Protein chains: 2
Amino acid sequence: MKTSSVELIILDLLSHEQAHLTAQEIYQQLKLRLPAVNPSTVYRALERMAHAGKISVSDMGRGAMVYEAVGGERHHHLVCQDCGAVMTIEDRPVNELFRYLEGRYHFEMITNHLILFGRCQNCQKVSESGRQ
Amino acid sequence: MKTSSVELIILDLLSHEQAHLTAQEIYQQLKLRLPAVNPSTVYRALERMAHAGKISVSDMGRGAMVYEAVGGERHHHLVCQDCGAVMTIEDRPVNELFRYLEGRYHFEMITNHLILFGRCQNCQKVSESGRQ
DNA sequence: ATTGAAAATGCAAGTATTTGCATTAAAATA
DNA sequence: TATTTTAATGCAAATACTTGCATTTTCAAT
Ligand SMILES: [Zn+2]
Ligand SMILES: [Zn+2]
Ligand SMILES: [Zn+2]
Ligand SMILES: [Zn+2]
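What counts as what
- Residues numbered from 1 in each chain as written.
- Chains lettered and ligands numbered in written order.
- Predicted model: local features only at pLDDT ≥ 70, side-chain atom pairs only at ≥ 80, totals over all residues.
- Heavy atoms only, no water.
- Donors = N, O, S within 2.8 Å, 3.2 Å for Na, K, Ca; no water.
- Tetrahedral: all angles 85-135°; square planar, octahedral: opposite > 155°, others 65-115°.
- Buried < 20%, exposed > 50% of the residue type's maximum accessible area, 1.4 Å probe, protein only.
- Helix = DSSP H or I, 4+ residues; strand = E, 2+ residues; numbered from the N terminus.
- Least-squares fit on C-alpha atoms with pLDDT ≥ 70 in both.
- Contact = heavy atoms within 4.5 Å.
- Domains from an automatic or database assignment.
- Buried area = accessible area lost by both parts, 1.4 Å probe.
- Salt bridge = Lys/Arg side-chain N within 4 Å of Asp/Glu carboxyl O.

A separate point is the coordination of the zinc ion (ligand 2). All names here are of chain A. Within the protein, the atoms that donate to the zinc ion (ligand 2) are Cys-80 (SG), Cys-83 (SG), Cys-120 (SG) and Cys-123 (SG), at distances of 2.2 to 2.4 Å. One can describe the site at the zinc ion (ligand 2) as tetrahedral: its four donor atoms subtend angles covering 106 to 114° at the metal. Of note, the donors binding the zinc ion (ligand 2) are all from one chain and are spaced C-x2-C-x36-C-x2-C. With relative accessibility at 46%, the residue Cys-83 sits in the partly exposed group.

Right under this line is the structure:
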């Protein structure tokens, strides 16, 4: 794999903020620095980087996959399906499950950014009191 | 919510086989029974049904989300990123993690069909011996 | 420094998915 | 049953994403 200039900029974009960006958002940002870049180049670069484990790809309920640089502390998220709130959770309990499954099923886990959907405390209260 | 005829057929499609079907696959099947159905009707029905908890939506690495009827035994999957093999795993250990997280974060879990990516035993062996 | 192979990019066409708005069908109400 | 209300559908246009192929760039080997 050649070190593509587009890849370098994408990594820079994703590293700066601890961002979860969609392909579209990345493309828009990228155009600011590389005005002539083609959309398909971006889609292909993201696919390549995800496959190489440089970035994670996750459905966070935003209608399109979001990408994040892999590197710092490993983490996961709880996403509220009602209000969209995103909570970040520690790796430990998730990691324990993963180690167990690896042993039990002789499977080597690659997933490194788990997204779980549900309802946050606030939205639970709302529907408890109000109608619905 | 009106009982839409499209919804009924989709549920029937998804129930019959313990299928994980993409929107396109569902649309193609549906056309056999309802030749004049419009694609957007299918996409909208799927969105509605997912939101109502009637079906699960998951990325199983097939390039598009797959839908499955919710109802029988709750289960989850391990998907091999190399060969695409799909293993079905029991709910118990996953459920334990979920209950823990619910208590720890006052979060009510909705995710009911978890997909974890990794490498199956066979593909691990292959890359161990062969090159790469 | 040149040359050649392999990988990345651009471009254009194809496919998939979403969206706004008018119409139709279903449920609720009178 | 007739009327009103609300949700589902069709249609067409817009947007998002993918793919095949020609060209350009990168890296490694002269
Ligand atoms: Zn994250
Ligand atoms: Zn919430
Ligand atoms: Zn399943
Ligand atoms: Zn495999």
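There's more to say after this.
All names here are of chain A. For the zinc ion (ligand 1), the full set of protein donor atoms is His-20 (NE2), Glu-68 (OE), His-75 (NE2), His-77 (NE2) and His-113 (NE2), and the range of their distances to it is 2.1 to 2.4 Å. Sequence positions of the donors to the zinc ion (ligand 1) reduce to the motif H-x47-E-x6-H-x1-H-x35-H. A residue pair is termed long-range when its members are at least 10 positions apart, and His-20 in the loop between α1 (5-16) and β1 (21-22) and His-113 in the loop between β6 (108-109) and β7 (115-119) qualify at 93 residues. Each member of the pair His-20 and His-113 is classed as buried.

The next point concerns the relation of the copies chain B and chain A. Between the two copies of the chain lies a relationship made up of a rotation around an axis and a movement along it. Mapping chain B onto chain A is achieved by rotating through 180° and translating by 0.0 Å along the same axis, at an RMSD of 0.1 Å. Between the two chains, the operation in question is that of a two-fold axis. Closest approach to the rotation axis within chain B is made by the C-alpha atom of Leu97(B), at a distance of 3.5 Å. A shared binding surface is used by both copies, with 100% of the interface residues of chain B retained as interface residues in chain A.

Next up on the list: the domain arrangement of chain A. All names here are of chain A. In terms of domains, chain A is made up of domain 1 (1-72) and domain 2 (73-132). A separation of 23 Å is found between the C-alpha centroids of domain 1 and domain 2. Listed as interface residues are ten residues of domain 1 and, on the opposing side, ten residues of domain 2. Approximately 690 Å² of surface area, both sides summed, lies buried where domain 1 meets domain 2, with 60% of it carried by carbon and sulfur atoms. Between the two partners, domain 1 and domain 2, sit zero salt bridges. Of the residues forming the side of domain 1 that touches domain 2, the biggest block, three residues, is contributed by strand β2 (residues 55-59).

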